Amino acid sequence: MSIPEFLSGIYIENKTTGKTIGIAQKGEPPYAIIMPMDFDYPLEKQPITGAYTKFIEWAQDVNTSRDWYQYENAQKIFPSLFKK
């Protein structure tokens, strides 16, 4: 199974409203980002674009700024409790 096939089966269903949120289609903003490592999440109400200065470059072209997660604004992230 390919990664896109696997991801297409991931969704959240709100039983109260009947709405389903799935993986965003190309051109839509993501609801989540899967990081295969420890990751410091942006603070509440803080957009990822403010917490990680190179995120927009990567989002516009995934072949550039592949290390966007290393350029964090320490004042705008919640430090991981699991990082050493």
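Throughout what follows, the structure given in this document is the object of discussion. (Residues numbered from 1 in each chain as written. Predicted model: local features only at pLDDT ≥ 70, side-chain atom pairs only at ≥ 80, totals over all residues. Heavy atoms only, no water.)

Quick look at the overall build of the protein
We count it as follows: Numbering of helices and strands runs from the N terminus, with a helix taken as a DSSP run of H or I at least four residues long and a strand as a DSSP run of E at least two residues long. Whether a residue is buried, partly exposed or exposed follows from its accessible area with a 1.4 Å probe, protein chains only, as a fraction of its type maximum: under 20%, in between, or over 50%, in that order. It only takes one pair of heavy atoms within 4.5 Å for two residues to be counted as in contact. The protein chains shown are the only cover counted for residues, whose accessible areas, like all others here, come from Shrake-Rupley with a 1.4 Å probe. Note on charges: Lys and Arg go in the positive column, Asp and Glu in the negative column, and His and the chain ends are not counted at all. Lysine's charge is taken at NZ, arginine's at CZ, aspartate's at CG and glutamate's at CD.
Regarding its fold elements, the protein presents three helices and four strands. Each principal axis of the C-alpha distribution contributes one length, and for the protein these read about 40 × 30 × 25 Å. Within the protein, the proportion of its 84 residues that are buried is 13%. The long-range share in the protein, meaning contacts at least 24 apart out of those at least 6 apart in sequence, stands at 39%. Accessible area for the protein stands at about 7,300 Å²; split by element, carbon and sulfur atoms hold 57% of it. Once the 9 positive and 10 negative side-chain charges of the protein are each reduced to a mean point, those two points are 3 Å apart.

Some details on the nonpolar core
We count it as follows: Put simply, a nonpolar core is a bunch of buried Ala, Val, Leu, Ile, Met, Phe, Trp, Tyr and Cys residues held in one set by side-chain atoms that sit within 4.5 Å of each other.
Counting residues in each nonpolar core, the largest one holds seven residues, listed as Met35, Phe39, Ala51, Tyr52, Phe55, Trp68 and Ile77. Setting aside residues no more than four positions away along its own chain, tyrosine 52 makes contact with Phe39, Asp40, Trp68, Tyr69, Tyr71, Glu72 and Ile77.

Let's talk about the packing of aromatic side chains
Short version of the rule: Two aromatic rings from Phe, Tyr or Trp, using only the six-membered ring of Trp, form a pair when their centres are within 6.5 Å; if the ring planes differ by under 30 degrees the pair is stacked, by over 60 it is edge-to-face, and anything between is tilted. A ring is considered to have a charge above it if a Lys NZ or an Arg CZ atom is located within 6 Å of its centre and within 35 degrees of its normal.
All chains considered together, the criterion is met by eight aromatic pairs. Considering the side-chain rings of phenylalanine 55 and tryptophan 68, the 4.9 Å spacing of their centres and the 80° angle between planes classify their relative orientation as edge-to-face. Taken together, the residues phenylalanine 55 in helix α3 (residues 55–60) and tryptophan 68 in the loop between α3 and β4 (77–78) connect sequence positions 13 residues apart. Considered together, phenylalanine 55 and tryptophan 68 belong to a single accessibility category, that of buried residues. One aromatic cluster in this structure is built from Phe39, Tyr41, Tyr52, Phe55, Trp58, Trp68 and Tyr69. Between the NZ or CZ atom of lysine 54 and the centre of the ring of tyrosine 71, over which it lies, the distance is 5.1 Å.

Remarks on a nonpolar patch on the surface
Counted only if it meets this: What goes into a patch is any residue over 30% in relative accessible area without a salt bridge, connected to like charges within 9 Å or, for nonpolar side chains (Val, Leu, Ile, Met, Phe, Trp, Tyr), within 5 Å. By salt bridge we mean one thing: a side-chain nitrogen of Lys or Arg within 4 Å of a carboxyl oxygen of Asp or Glu.
On the surface, Met1, Phe6, Ile10, Ile23 and Ile34 cluster together into a nonpolar patch covering about 570 Å² of accessible area. Mapped onto the elements of the fold, isoleucine 34 is located in the loop between β2 (20–22) and β3 (41–42). Take isoleucine 34: its relative accessible area is 60%, and that puts it in the exposed class.

What to know about unusual backbone geometry
Positive phi values are uncommon outside glycine, yet lysine 45 reaches one of about 65°. Along the polypeptide, lysine 45 turns up in the loop between β3 and α2 (48–51). For serine 65, which is not a glycine, the phi torsion comes out positive at approximately 50°. Mapped onto the fold, serine 65 is located in the loop between α3 and β4.

Things to note about the pattern of salt bridges
For the coordinates displayed, the defined rule picks out one salt bridge. As a salt-bridge pair, glutamate 13 and lysine 15 come within 4.0 Å of each other at their nearest N and O atoms. Its relative accessible area of 39% is what places glutamate 13 among the partly exposed residues.

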